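Summary of structural features
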Amino acid sequence: MKKLTRLSLVLFVIGISLLAVTLVRGNTSFSFTRLFMQNFGSSEWELGFNAFFAPPRILRMVVNLSSPVDIYVLTGNEVRLWKSSGTIDAIGVFQGVERSTITLQLPDRGEYNVLIHNLSNSSVAGEVKLMLYGLESDLLYTSIGLSIVGIILFVGTQIMSWHKAKQNSPKKLA
Amino acid sequence: MAKKQHSVFRTVAKWELQEYVNSPVLEFIIIAAMASILIYGMQSSSFLDQYHMLYYGPKNMFLFLSITVSVVFSRSFSGSFNRGEVKMLLSYPIERWKLFVAKYIVLFAAVFLIFAIIFSCNIYLLSLSIFEPLVYVSLLAIFVQLFIASTIAVAIAVLVKNEVVSVLASMLLLFGIDSFSADIGGSLTFLSASERFGYLFGYFGQLTKGANPISADIVTVDTISLSILVPVCISIFLLIFLYMYFTRFMEVD
């Protein structure tokens, strides 16, 4: 029983520490890459950035272009699929974007890229800025899960020891 | 006879482990390790910048590792003198060397295990391969720093035999050695944990990625050998001295 109580406390401490780590890591929102476009030809397809690493946070794209474009957010595997077969299977599709702010919850931790397609008959110029903000969802869920398991275990062991004490009380024995 | 000797050693190690696991120091180590290793911003523009994050992200861990080592080792060695545990244990048929070695190995393994497990979380956090050599190089840097820091902390604890004084003295000495050796430069940089980490990371980065992933400098075989050998040799020398002192000359009152 003592071991289980100790385990519950350690789990709770790990959960709370991870929650604090998640809050501090999620407290930073920064523009981590930007793309300047000049004379992006009509009907062209282009991978907008170098492949970038991102945790499961909210991706915010600030688009400021001279003509509308289609923007696709792809994972590393989806980029490879597009390069090999031309098939687009994107996690985020934003069509006809010219001047706006787009947000997308990234599902997993890993490699991403942005594919841009010029829809118009004229060349496009402007800027696309990527920012990450919000908490890393995987860390958040893990930390909350560990804390809850710790609390449940602790409460469970306390109830069990209370029951045991009650059963062994002098009144019962008598 | 040998079996009995072995079982006595195991029993002493088990006592030490139980004391360690049941004390709030375990929570302190977990919190310190998580705060120092996992708190860093994802400031990357390229997928290949993961190595930058792996190096610069947990750079504070050596500071926290020194604090942790000072507290854990001093508390165990000096504290057991203060509380009369050493005297009590030595009144049983337990040899001194078993007590010393069991304490040292258990504490070393426990601290290293916690820091290594939490550091390995970076494999997931940075989407690295489980066989990424730079992760294991970083674990080697943690191991070497823990080795030298723990021998210094144990030396102070055994000589001073006062818990509070030895915690403070070993903290100050470890910080002093680290910052002084980094500032002075030259061959003394091999005593600085962060400099050593830089050499190790740079050299193995050159070997596995073709170029030093964290700076333009080229790390030579001599530099890398000295950066490992100097702290390891000092630690081994200190450990042998401590072993001799603890088992033959130390007075327990």
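Preceding block: the structure.
In what follows, the accompanying structure is described. (Residues numbered from 1 in each chain as written. Chains lettered and ligands numbered in written order. Predicted model: local features only at pLDDT ≥ 70, side-chain atom pairs only at ≥ 80, totals over all residues. Heavy atoms only, no water.)

As for the nonpolar core
- One finds B:Tyr20, B:Phe73, B:Phe77 and B:Val111 to be the most contacted residues of the largest nonpolar core, which totals 86 residues.
- Sort the elements by how many residues they give to this core and helix α6 (residues 96–125) of chain B lands first, with 18 residues.
- If we ignore the near neighbours within four places in the chain, the residues touching B:Val111 are B:Tyr20, B:Ile29, B:Leu65, B:Thr68, B:Val72, B:Phe73 and B:Leu146.
- Counting residues in each nonpolar core, the second largest holds 24 residues, with A:Leu35, A:Ala54, A:Phe94 and A:Ile116 among its members. (Core = buried A, V, L, I, M, F, W, Y, C linked by side-chain atoms within 4.5 Å. Buried < 20%, exposed > 50% of the residue type's maximum accessible area, 1.4 Å probe, protein only. Helix = DSSP H or I, 4+ residues; strand = E, 2+ residues; numbered from the N terminus. Contact = heavy atoms within 4.5 Å.)

Quick word on the interface of chain A and chain B
- With 22 residues of chain A at the interface, the matching set in chain B holds 24 residues.
- For the pair chain A and chain B, the summed buried area comes to about 2,100 Å², and 67% of that belongs to carbon and sulfur atoms.
- Looking at the side of chain A facing chain B, the largest losses of area belong to A:Arg6, A:Arg25 and A:Phe53, adding up to 33% of the total buried there.
- Counting the contacts that link chain A with chain B gives one salt bridge.
- Here A:Arg6 ties to B:Glu27 by a salt bridge, and the two come within 2.8 Å at their closest N and O atoms.
- The interface formed by chain A and chain B holds six residue pairs in polar contact (both at pLDDT 80 or more) in total.
- Secondary structure elements with two or more residues in the side of chain A that touches chain B: α1 (2–25), β1 (30–40), β3 (52–54), β6 (110–118) and α3 (137–167) of chain A. (Buried area = accessible area lost by both parts, 1.4 Å probe. Salt bridge = Lys/Arg side-chain N within 4 Å of Asp/Glu carboxyl O. Polar contact = N/O pair within 3.5 Å; in protein donor to acceptor, adjacent residues only side chain to side chain.)

Focus: the environment of B:Phe28
Residues and elements named next belong to chain B.
- Considering the arrangement of structural elements, one finds Phe28 in helix α2 (residues 25–38).
- Judged by its relative accessible area of 32%, Phe28 is partly exposed.
- The spatial distance from the C-alpha of Phe28 to the C-alpha of Ala211 is 38 Å, given a sequence separation of 183 residues.

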